[in-house]
Amino acid sequence: INAASAEFDLKKQESLMKAASYGKAFCSESDNLNSIAIQQQQHDALVNITKDFVDTANKLRILNDVRKPSVGLPITILQYNRLTPEVLVGRLTARNQHFLALRVCEL
């Protein structure tokens, strides 16, 4: 997931996200475990991985649109996280990219 978020090439992003999605299947809970606490920890870890996957996919959709030449903001996901969505919305509205700004608000 982290590798996909650092990649600018759409084909590589897609390939890495597919690999992450495939890998999630192997992070499932095991029914053989004796300890309920261990099962809960595994469940929580799987929920966090799934949440990270969905959050990253949504951010990548926005960033890929923002990086297009018509918008002209080639920022990384780390810059997006530090910049905050509010600042990005301000920059997009200044460039008359209101629909894209709305999509950022919906995240």
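Residues numbered from 1 in each chain as written. Predicted model: local features only at pLDDT ≥ 70, side-chain atom pairs only at ≥ 80, totals over all residues. Heavy atoms only, no water.

## A closer look at unusual backbone geometry
Peptide bonds are mostly trans, and most non-glycine residues show a negative phi. Despite not being glycine, Thr84 has its phi angle at roughly 75°, a positive value. Considering the arrangement of structural elements, one finds Thr84 in the loop between helix 4 (77-83) and helix 5 (85-94). You can call Thr84 partly exposed: its relative accessible area is 28%. Notably, Asn96 is not glycine yet its phi reads approximately 60°, a positive angle. Structurally, Asn96 can be placed in the loop between helix 5 and helix 6 (98-105). By relative accessible area, which is 59% here, Asn96 ends up exposed. (Helix = DSSP H or I, 4+ residues; strand = E, 2+ residues; numbered from the N terminus. Buried < 20%, exposed > 50% of the residue type's maximum accessible area, 1.4 Å probe, protein only.)

## Concerning the environment of Thr50
As for its placement among the helices and strands, Thr50 is situated in helix 3 (residues 36-66). Once the C-alpha coordinates of Thr50 and Lys24 are considered, the two residues, 26 residues apart in sequence, prove to be 7.6 Å apart.

## Brief notes about the confidence of the model for the protein
Scored by pLDDT, the protein comes out at a mean of 85, with 88% of its residues at no less than 70. The lowest-confidence element of the protein is helix 3, averaging 83 in pLDDT; the highest-confidence one is helix 5, averaging 93. (pLDDT = per-residue confidence, 0-100.)

## Details of the packing of helix 5 against helix 6
Helix 6 packs onto helix 5 with a crossing angle of 170° between their chain directions and a minimal axis gap of 8 Å. Comparing the axis directions of helix 5 and helix 6 gives the class roughly antiparallel. Note on element contacts: helix 6 touches helix 5 through His98, Leu100, Ala101, Val104 and Cys105, opposite Pro85, Leu88, Val89, Leu92 and Thr93. Looking at the contact of helix 5 with helix 6, its residues break down into eight nonpolar, two polar and no charged. (Axes fitted to C-alpha atoms, helices over the stretch in contact; angles between N-to-C directions. Parallel < 35°, antiparallel > 145°, perpendicular 65-115°, else oblique. Contact = heavy atoms within 4.5 Å. Nonpolar A, V, L, I, M, F, W, Y, C, P; charged D, E, K, R; others polar.)

## Here we look at the environment of Ala25
Position of Ala25 relative to the elements: it lies in the loop between helix 2 (10-24) and helix 3. Separated by 21 residues in sequence, Ala25 and Leu46 have C-alpha atoms that sit 9.5 Å apart.

## Points about the nonpolar core
General note: in soluble globular proteins, nonpolar side chains tend to be found buried as a group. Judged by nonpolar contacts, the single largest core of 15 residues is most densely connected at Val66, Leu88, Leu92 and Val104. Of all the secondary-structure elements, those providing two or more residues to this core are helix 3, helix 4, helix 5 and helix 6. Excluding its chain neighbours within four sequence positions, the residues that come into contact with Leu88 are Val66, Leu73, Ile75, Tyr80, Leu83 and Val104. Core analysis: the next-biggest nonpolar cluster, separate from the first, contains six residues, Ala4, Met17, Phe53 and Ala57 among them. (Core = buried A, V, L, I, M, F, W, Y, C linked by side-chain atoms within 4.5 Å.)

## Comments concerning the packing of aromatic side chains
Inspection of the entire model under this criterion finds zero aromatic pairs. Sitting above the plane of the Phe8 ring, Arg67 keeps its charged end 3.9 Å from the centroid. (Phe/Tyr/Trp six-rings, centres within 6.5 Å; stacked < 30°, edge-to-face > 60°. Lys NZ or Arg CZ within 6 Å of the ring centre and 35° of its normal.)

## Thoughts on the environment of Glu86
Here Glu86 shows up in helix 5. Residue class for Glu86 comes out exposed when judged on its relative accessible area of 59%. For the pair Glu86 and Cys105, spaced 19 residues apart in sequence, the C-alpha to C-alpha distance is 7.9 Å.

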